[in-house]
Amino acid sequence: MNSPLAPDVEAALSVVVLRCVECAACYPGVEENRSSRYRCDCGGVLDVEHPFVSHPASISSARTAWRQLFDERAAIPPIWPAGDNRTLLDYSGVWRYRELILPVPEQYVVSRPEGNTGLYPVGKENCGAGRTGHRQIGLYAGVDHLFLKHEGENPTGSFKDRGMTVGVTMASLLGAQAVACASTGNTSASLASYAAQAGMRSLVFLPAGNVASGKLAQSLAYGATTIQVAGDFDDAMRLVERVCDELGIYLLNSLNPFRIEGQKAIGFEILQQLRWLAPDWLVLPAGNLGNTSAIGKAFRQAQQLSLINRMPRFAAIQAAGANPFYRSFTRGFERREQVNASTVASAIKIGNPVSYTRARRVIEESDGIVEEVTDAEILAAKTIIDRAGIGCEPASAATLAGIRKLVERGVISHHECVVGILTGHLLKDSQTGMPQQGSVVVETNIEAVRRVLLA
Ligand code: F0G
């Protein structure tokens, strides 16, 4: 990665700083020798900062202008002339908020585009006459005003595309020839797709035998060099960090702070869909903790910019067999726990989450909570979401299982406004939690159909 940066890129990135979330040490967004830095010298993970949010005082009066800008961009019709780059960026549910994401010259952005995912009103009171089937979800959760944000509606079927458009854009700006990640399947699918678009080689490291077939198929189809590691996700994560360091490959796990910047857009888009009113609760599944960190940062920045006047409370939901963050939380975050992870929700089968410190901050500053749910609770919640016609992959259903549990425990009250994130598409994992009795084959006559309907 040694050819010089284009002058416009260099100027844009010169305002970007990376700050350690442990010791607050600062590094330039792009190092002089163009080597890539993912951690502080102290080992801590890094956070991207740039002036739009470093100096909130100078822009807090501009709340109306920000809202107007984002609302104008969101008013673009869904069909536009292909090849119109500016319109593509305005339409993207990530780059629409580009001033708050990453200041790069527009022509370099690698975007499908992504985002613009549905925010389904599914509560007992807010589901509306045309959605009576969705109301089952609100009844199950015990919440009057509930919304599900379906990030499975992104181009590769998960929320990862939001971080990846920014990560691969950075890789491309830096002149990376190859990009890599460790993954439980969704990050790898997204990386493979965006790398292919940008004409880069991609390498993905997967825990052998623990990736749902739909996700594995995507990586292979998009042309990633797909390496199955004889170990779990945490082993694959350690390996990929070493591989990237030693072979000079650009690392695109959420350890890479630019990925987090893109994932923030989930928070901005929710706010825009709620007409810039923060919900009372934001509930999401938690594995490597990148998403908790990113959406938390989005709401924090939205508050700094006066786009909203309070943060929602965050509830991060873990599978009971993969619950290191929950264990730390229940001990007052005294120390960072690790576990040998085991859960049917393979996407969140993670025992040593990389973004622990970033996510801990979100839970603490939002007066949030970490909860655990069993595999049985996850699968029961998935059935409810699937039967309502929305559908999701198992890890996503931890969101609904968690909301129901927190309502039962009296932590969330039924009249509060709750937004839950569904992180991945039903077709990602078409095995786990599917109905046992398959479809029936009948003779081609009406009597045979009658017998089926009466059975
Ligand atoms: N839900 C799904 C469907 C996921 O794929 C992931 C993470 C999560 C939730 C948890 O998000 O890690 O930000 O806390 N998947 C990563 C991957 C680990 O490799 O695809 P997180």
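Everything numeric in this text was worked out from a predicted model, so none of it was measured.

What counts and how
Residues numbered from 1 in each chain as written. Predicted model: local features only at pLDDT ≥ 70, side-chain atom pairs only at ≥ 80, totals over all residues. Heavy atoms only, no water. Pairing = 2+ DSSP bridges. Helix = DSSP H or I, 4+ residues; strand = E, 2+ residues; numbered from the N terminus. Right-handed = clockwise from strand over helix to strand, strands pointing away. Salt bridge = Lys/Arg side-chain N within 4 Å of Asp/Glu carboxyl O. Buried < 20%, exposed > 50% of the residue type's maximum accessible area, 1.4 Å probe, protein only. Near = heavy atom within 4 Å. Polar contact = N/O pair within 3.5 Å; in protein donor to acceptor, adjacent residues only side chain to side chain. Areas by Shrake-Rupley, 256 points an atom, 1.4 Å probe, with all protein chains shown as cover. Nonpolar A, V, L, I, M, F, W, Y, C, P; charged D, E, K, R; others polar. Axes fitted to C-alpha atoms, helices over the stretch in contact; angles between N-to-C directions. pLDDT = per-residue confidence, 0-100. Expected span 1.5 Å × (residues − 1). Parallel < 35°, antiparallel > 145°, perpendicular 65-115°, else oblique. Contact = heavy atoms within 4.5 Å.

1. Remarks on the pairing of strand S8 (residues 225–229)
Strand direction decides the pairing type here: strand S7 (residues 201–207) and S8, joined by 5 bridges, are parallel. Pairing of Val204 across the sheet is with Thr226, part of S8. Read as a crossover between parallel neighbours, the route from S7 over helix H10 (residues 213–221) to S8 is right-handed.

2. What about the pattern of salt bridges?
Tallied over the full model, the rule gives 30 salt bridges. Its salt-bridge partner being Lys124, residue Asp144 comes within 3.7 Å of it at the nearest N-O pair. Placement of the pair is Asp144 in the loop between helix H7 (135–141) and strand S5 (145–150) and Lys124 in the loop between strand S4 (119–121) and H7, with a sequence separation of 20 residues. A relative accessible area of 25% means that Lys124 is categorised as partly exposed. For the salt bridge of Lys382 with Asp386, the shortest nitrogen-to-oxygen distance reads 2.8 Å. Of this pair, Lys382 and Asp386 both sit in helix H17 (residues 375–387), 4 residues apart, which is roughly one turn of that helix. Residue classification places Asp386 among the partly exposed positions, given a relative accessible area of 22%. Salt bridges sharing partners connect three or more residues here, namely Arg73, Arg86, Asp90, Arg98, Glu99 and Glu106.

3. Let's talk about the site of the ligand
The full set close to the ligand counts 20 residues, and Ser183, Gly287, Asn288, Leu289 and Thr423 are the nearest of them. In this structure, Thr184 approaches the ligand through a main-chain N or O atom, which is 2.8 Å from an oxygen atom. In this structure, Asn288 approaches the ligand through a main-chain N or O atom, which is 2.7 Å from an oxygen atom. Burial of the ligand by the surrounding chains reaches 99%, relative to a free accessible area of 470 Å². Put simply, the parts of the chain that give the shell around the ligand at least two residues each are helix H9 (186–197) and helix H14 (290–304). In the shell around the ligand, the residues fall into 8 nonpolar, 10 polar and 2 charged.

4. A look at the sheet that holds strand S13 (residues 417–422)
Read across the open sheet, the 6 strands follow the order S4-S5-S13-S10-S11-S12; overall the sheet is mixed. Each of the sheet's edge strands pairs with one partner strand only, and the pair in question is S4 and strand S12 (369–373). For this sheet, the mean angle separating the axes of adjacent strands, direction not counted, is 25°. With 3 bridges joining them, S4 and S5 adopt antiparallel strand pairing. Bridge pairing in S5 links Leu119 to Lys149.

5. Notes on the environment of Tyr250
Position of Tyr250 relative to the elements: it lies in strand S9 (residues 250–251). Overall, Tyr250 belongs to the buried group, its relative accessible area being 2%. Residues Tyr250 and Ser35, spaced 215 residues apart in sequence, show a C-alpha to C-alpha distance of 9.4 Å. In this structure the side chain of Tyr250 is engaged in a polar contact, spanning 3.1 Å, whose partner is the side chain of Asn256.

6. Some words on the pairing of strand S11 (residues 313–319)
Across the 7 residues of S11, 6 count as buried, placing the element largely inside the fold. The sheet contact formed by strand S10 (residues 281–285) and S11 spans 5 bridges and is parallel. What sits directly across from Leu282, in S11, is Phe314. Taken together, the 5 bridges between S11 and S12 define a ladder with parallel strand orientation. Across the sheet, the residue bridging to Ala316 is Val370, located in S12.

7. Some words on the confidence of the model for the protein chain
Chain-level statistics for the protein chain give a pLDDT mean of 94 and a share of 98% at 70 or above. Mean pLDDT across the secondary structure elements of the protein chain bottoms out at helix H3 (residues 56–59), with 52, and peaks at S11, with 99.

8. Considerations on helix H8 (residues 160–173)
Between its first and last C-alpha, H8 extends 20 Å over 14 residues, near the 20 Å set by a 1.5 Å rise per residue. For H8, a buried count of 13 out of 14 residues is recorded, marking the element as mostly surrounded by other parts of the structure. Trailing H8 by a residue or two, Gly175 shows a phi angle of about 75°, which is positive.

9. Thoughts on the packing of helix H13 (residues 265–273) against H14
The interhelical angle for the contact between H13 and H14, taken along N-to-C directions, is 50°, at an axis separation of 7 Å. The angle between H13 and H14 falls in the class oblique. Residues Ile266, Gly267, Phe268 and Leu271 of H13 lie in contact with H14, whose contacting residues are Asn291, Ile295, Ala298, Phe299, Gln301 and Ala302. Residue classes in the contact of H13 with H14 are distributed as 7 nonpolar, 3 polar and no charged.

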